[in-house]
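Summary of the model geometry
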Amino acid sequence: MKELTPGLELGARYVLVRRLGRGGSAEVWLADDREQGERVALKVFSEEFAADAPRLARLEAEVAGAHGLPPERVVRMDGLFRDAGRTILAMEYLSGGDLGQFRGRSFEAWAGAIDDVAAALEALHARGLVHRDLKASNVFLDEAGHAKLGDLGLLSLAGVPADG
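Thresholds applied
Residues numbered from 1 in each chain as written. Predicted model: local features only at pLDDT ≥ 70, side-chain atom pairs only at ≥ 80, totals over all residues. Heavy atoms only, no water. Helix = DSSP H or I, 4+ residues; strand = E, 2+ residues; numbered from the N terminus. Buried < 20%, exposed > 50% of the residue type's maximum accessible area, 1.4 Å probe, protein only. Contact = heavy atoms within 4.5 Å. Areas by Shrake-Rupley, 256 points an atom, 1.4 Å probe, with all protein chains shown as cover. Lys, Arg positive; Asp, Glu negative; His and termini not counted. Charge placed at Lys NZ, Arg CZ, Asp CG, Glu CD. 1 Å grid on protein atoms, 1.4 Å probe; cavity = no way out; pocket = protein on both sides within 12 Å on 5 of 7 lines; lining within 4 Å. Points joined across faces, edges and corners; volume = space filled by probe spheres on them.

Okay, the overall build of the chain next. A count of helices and strands for the chain gives 3 helices and 10 strands. Its helices and strands taken in sequence order, the chain reads β-β-β-β-α-α-β-β-α-β-β-β-β from the N to the C terminus. Among the 164 residues that make up the chain, the fraction classed as buried is 38%. Sequence separation of at least 24 residues holds for 50% of the intrachain contacts in the chain that already meet a minimum separation of 6. Carbon together with sulfur atoms contributes 50% to the accessible area of the chain, which is approximately 8900 Å² in total. Across the chain, the 20 positively charged side chains and the 26 negatively charged ones have centroids separated by 3 Å.

What follows is the structure, given as structure tokens:
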């Protein structure tokens, strides 16, 4: 499998720009979406993840569950695809970083973002959903500083375990 590098084309639509981060099961890349003419985030999962049928099924459920959630409150997921043996999730790219950047700053600096988080949680709860992995690194900011919830992998119906 070809190494992920800037300039690599994935899915005949996306061109990798730079790596944004790396976790245990995936790398996240900034990419140009030539079809939509915008920048997106691509979460490129490891081969081990893609070979794990239950984990892959949970990812597919996450993408399906995100449809219909308010786009002003939750990071938009454009879809899951496979390319050259890779499993890839295309998502909205938010250029403002994550909520963690407000650690140690004044209340005024982060109050607006927290208000956005509360509204996002209220929207999820109104649909009977619970995020279950709320933390600073899963709250993303746009260029204007408005917050959206991301990483919905543990999203579940209230009172129902994420794996049940």
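You will see that A12, though not glycine, has its phi angle at about 55 degrees, which is positive. With respect to the helices and strands, A12 occurs in the loop between β1 (9-10) and β2 (14-22). The backbone phi angle of A84 is positive, close to 50 degrees, even though this residue is not glycine. Classification of A84 as exposed rests on a relative accessible area of 56%.

Okay, the layout of surface pockets next. Roughly 680 Å³ of internal volume is contained in the largest pocket. Contributing to the lining of the largest pocket are 28 residues, with V28, K43, M91, S137 and F140 lying nearest its centre. At the level of secondary structure, the elements contributing two or more residues to the lining of the largest pocket comprise β2, β3 (26-33), β4 (38-45) and β6 (86-92). The element best represented in the lining of the largest pocket is β2, accounting for 4 residues.

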